[in-house]
Amino acid sequence: MTQSSTNYSIELLTEKRIEELFKEHYAVLTAYAHKFLSDLDDAREIVQNVFVQLIDHKDTVKIHTSAKAHLYTSVRNACLNAIKQKNTHAKHHENIKYLNSDIGTGVDKILEQTELEYELYQAIDELPEQCQRIFKMNRFDGFTNQEIADQLGISKRTVETQISKALKILRNKIGPMLASLLILWLMEKM
Amino acid sequence: MNENKQHIDEQILLSILNQKASEKDVETFEKWMASNPENKAAFDKMRKIWEKSSEIEVFDKIDVAADWKLVKSKSGASVKSRKLRVFMRYAASIVLLIGLSFVLLYQTTPGFGKLAQQKTEINKDQVLLADGTQVYLNQNSRLVYPNHFGSKKRNVKLEGEAYFQVKSDPSKPFIITSENAIIEVLGTAFNVRNDEYGRTIVTVQSGKVSLTDQKTKKVVYLTKGEKGILHNSNLTESENDEPNFDAWKTGILRFNKTPIPVVFKYIEDYYGVKITNRCERIDTLTFNSIFNNDDIKDVISELELHLNVKTVKRGKHLIISEKSN
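Residues numbered from 1 in each chain as written. Chains lettered and ligands numbered in written order. Predicted model: local features only at pLDDT ≥ 70, side-chain atom pairs only at ≥ 80, totals over all residues. Heavy atoms only, no water.

Turning to the interface of chain B and chain A, a few remarks are in order. With 46 residues of chain B at the contact, the number on the chain A side is 57 residues. Contact between chain B and chain A buries roughly 4,800 Å² in total, counting both sides, with carbon and sulfur atoms accounting for 64%. Here chain B and chain A share four salt bridges between them. The partner of Glu15(A) in a salt bridge is Lys72(B), and the shortest N-O contact between them spans 3.2 Å. On inspection of chain B and its partner chain A, the count reaches 10 residue pairs in polar contact (both at pLDDT 80 or more). Every element with two or more residues in the side of chain B that touches chain A is listed here: α1 (10–17), α3 (37–53), α4 (64–74), α5 (77–108) and β10 (200–206) of chain B. Ranked by the residues each element gives to the side of chain B that touches chain A, the list is headed by α3(B), at nine residues. Looking at side-chain class alone, the side of chain B that touches chain A contains 19 nonpolar, 13 polar and 14 charged residues. (Contact = heavy atoms within 4.5 Å. Buried area = accessible area lost by both parts, 1.4 Å probe. Salt bridge = Lys/Arg side-chain N within 4 Å of Asp/Glu carboxyl O. Polar contact = N/O pair within 3.5 Å; in protein donor to acceptor, adjacent residues only side chain to side chain. Helix = DSSP H or I, 4+ residues; strand = E, 2+ residues; numbered from the N terminus. Nonpolar A, V, L, I, M, F, W, Y, C, P; charged D, E, K, R; others polar.)

Quick look at the structure:
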């Protein structure tokens, strides 16, 4: 993590710095917004607009907290506005309550969870090529092992071996982060 | 890791996660779980990863580099608009008139309301279709697609070249009509190119694709690493020998013991230049390198260094000749 995103200071924004921030936070910000809006394109647009504003007003915007905190606050507010504008489904009420609650100073559980999920995703993304493709087809696309075997022209047994291998690698790699994941998942269930 | 103090076949653990374990497997599994608390901890961990990994697919659909380009193209609009406001008022009325005439045209063209199209000239572009399929369009290409897909099939039409990352949906085949070819898939990633010789070339990166000749109804099935070519009702299938088939999309050009004339062909294609080689000696040489979104200047200077030649650039024309002392 760079110093400027952890220190509380007034940051000078250049386009290069904004690009760095984008690369560092875009995936997690978008996944975070997606949790509230349940539409990926809406989520992408909201996060993109936050960055567009940042570029267009980089000379006048003053960030008094960390850059990261500024980005999350902007995305939260934009999500809240988007939900209010749509103003329809009952299931969004929980989201409004959550977004409205004062977590500016406290811990944003959903954010922490999204960050940890991203760590797991990155670990999956670093798996060996064949292993990764098979694991993603099973877990992301929901194919059965037989369907994966048919599509890739390999045996079902090979598919199973690759999935075991993936799980073994992931298990070893994400040991430390798992403790915190377990706690969050437990809280989810409560 | 010492979690396997007492050995268990990983496949048994997997069948438990898939809820497809036989009674005998369940018995073996329960014994193993009870034999050591570490075993139970290890399996709990495995199960968490298993469950959680099915909920994070969203990250796979976020393309940070592509979206950054979008942000860059959207930015600056508010600043410009201030300067252009007066001009825009006049321009707007003209645009409105043109727009209205287009609307009229569109409405009188049957079926147009349902369809959308994306067309490229000098710039590449990408389109996200209603079903989540991502299409990257190369230069001078055109994709026609419905705003909403029907309930049975997903039909699109392509001219030029495009790379498809088809969203998987086994109940709705994705069908591309391109020149005389029909390409049908369930969910996978592949490239379709119509080249200057009238050939349609389909190169598969993952999954399985069928390529059909509209005229003869002949079909070939292509899987990962294969390509199919349709040329004047001649349908062939072979291993993909072109490592750079998707260079236009990734920006990465790979050369691995590639003969120099072939290297030049790729550079011509990728950078849109014409190369004349006045130095026969290098035709028999090969070249190894990887260029990742590099400027043509860097490519040329690496070639000059490697081949000991000099290059003269006249606009889009490069002339390669012996280095004179």
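Once you've had a look at it, read on.
What follows deals with the side chain of Gln132(A). Residues and elements named next belong to chain A. Within the fold, Gln132 resides in helix α6 (residues 129–139). By relative accessible area, which is 15% here, Gln132 ends up buried. Among residues more than four places away in sequence, those in contact with Gln132 are Ile124, Asp125, Glu126 and Leu127. (Buried < 20%, exposed > 50% of the residue type's maximum accessible area, 1.4 Å probe, protein only.)

Now for the packing of α6(A) against helix α7 (residues 145–152) of chain A. Residues and elements named next belong to chain A. At a closest axis distance of 10 Å, the pairing of α6 and α7 adopts a crossing angle of 135°. Comparing the axis directions of α6 and α7 gives the class oblique. Regarding α6 and α7, the two cross each other, and that crossing is right-handed. Facing Arg133, Ile134, Met137 and Asn138 of α6, the residues of α7 in contact are Asn145, Ile148, Gln151 and Leu152. (Axes fitted to C-alpha atoms, helices over the stretch in contact; angles between N-to-C directions. Parallel < 35°, antiparallel > 145°, perpendicular 65-115°, else oblique. Left-handed = near helix turned anticlockwise from the far one by under 90°.)

Across soluble globular proteins, nonpolar side chains show a tendency to be buried alongside one another. Counting 75 residues, the largest nonpolar core has Phe51(A), Val75(A), Phe135(A) and Phe59(B) as its most contacted members. Broken down by element, the residue count for this core peaks at 12 residues, all from helix α1 (residues 15–37) of chain A. If near-sequence neighbours (up to four positions away) are discounted, Phe135(A) is found in contact with Ile124(A), Leu127(A), Phe140(A), Ile163(A), Ala166(A), Leu167(A), Leu170(A), Trp50(B) and Ser53(B). Counting 28 residues, the second largest nonpolar core, distinct from the first, contains Leu129(B), Leu158(B), Ile183(B) and Leu222(B). (Core = buried A, V, L, I, M, F, W, Y, C linked by side-chain atoms within 4.5 Å.)

All names here are of chain B. The alternating pattern of strand β12 (residues 219–223) places Val220 and Leu222 on a buried face, while none of Val219, Tyr221 and Thr223, on the opposite face, is buried. By the bridge criterion, five bridges tie strand β11 (residues 208–213) to β12 in an arrangement that is antiparallel. By the bridge assignment for β12, Lys208 is matched with Thr223. Adjacent in sequence and paired antiparallel, β11 and β12 are bridged by five residues, among which Lys217 carries a positive phi angle near 65°. (Pairing = 2+ DSSP bridges.)

Further remarks concern unusual backbone geometry. All names here are of chain B. Non-glycine residue Asn140 carries a positive phi angle of around 50°. Of note in the backbone geometry, Lys217 takes a positive phi value of approximately 65° without being a glycine. Inspection of the secondary structure assignment puts Lys217 in the loop between β11 and β12. By relative accessible area, Lys217 is classed as exposed at 57%.

Evaluated as defined, the whole model comprises 21 aromatic pairs over all chains. Directly above the ring of Trp50(B) sits Arg139(A), whose terminal nitrogen or CZ lies 3.7 Å from the centroid. (Phe/Tyr/Trp six-rings, centres within 6.5 Å; stacked < 30°, edge-to-face > 60°. Lys NZ or Arg CZ within 6 Å of the ring centre and 35° of its normal.)

No statement about biological role is implied by the geometric values presented.
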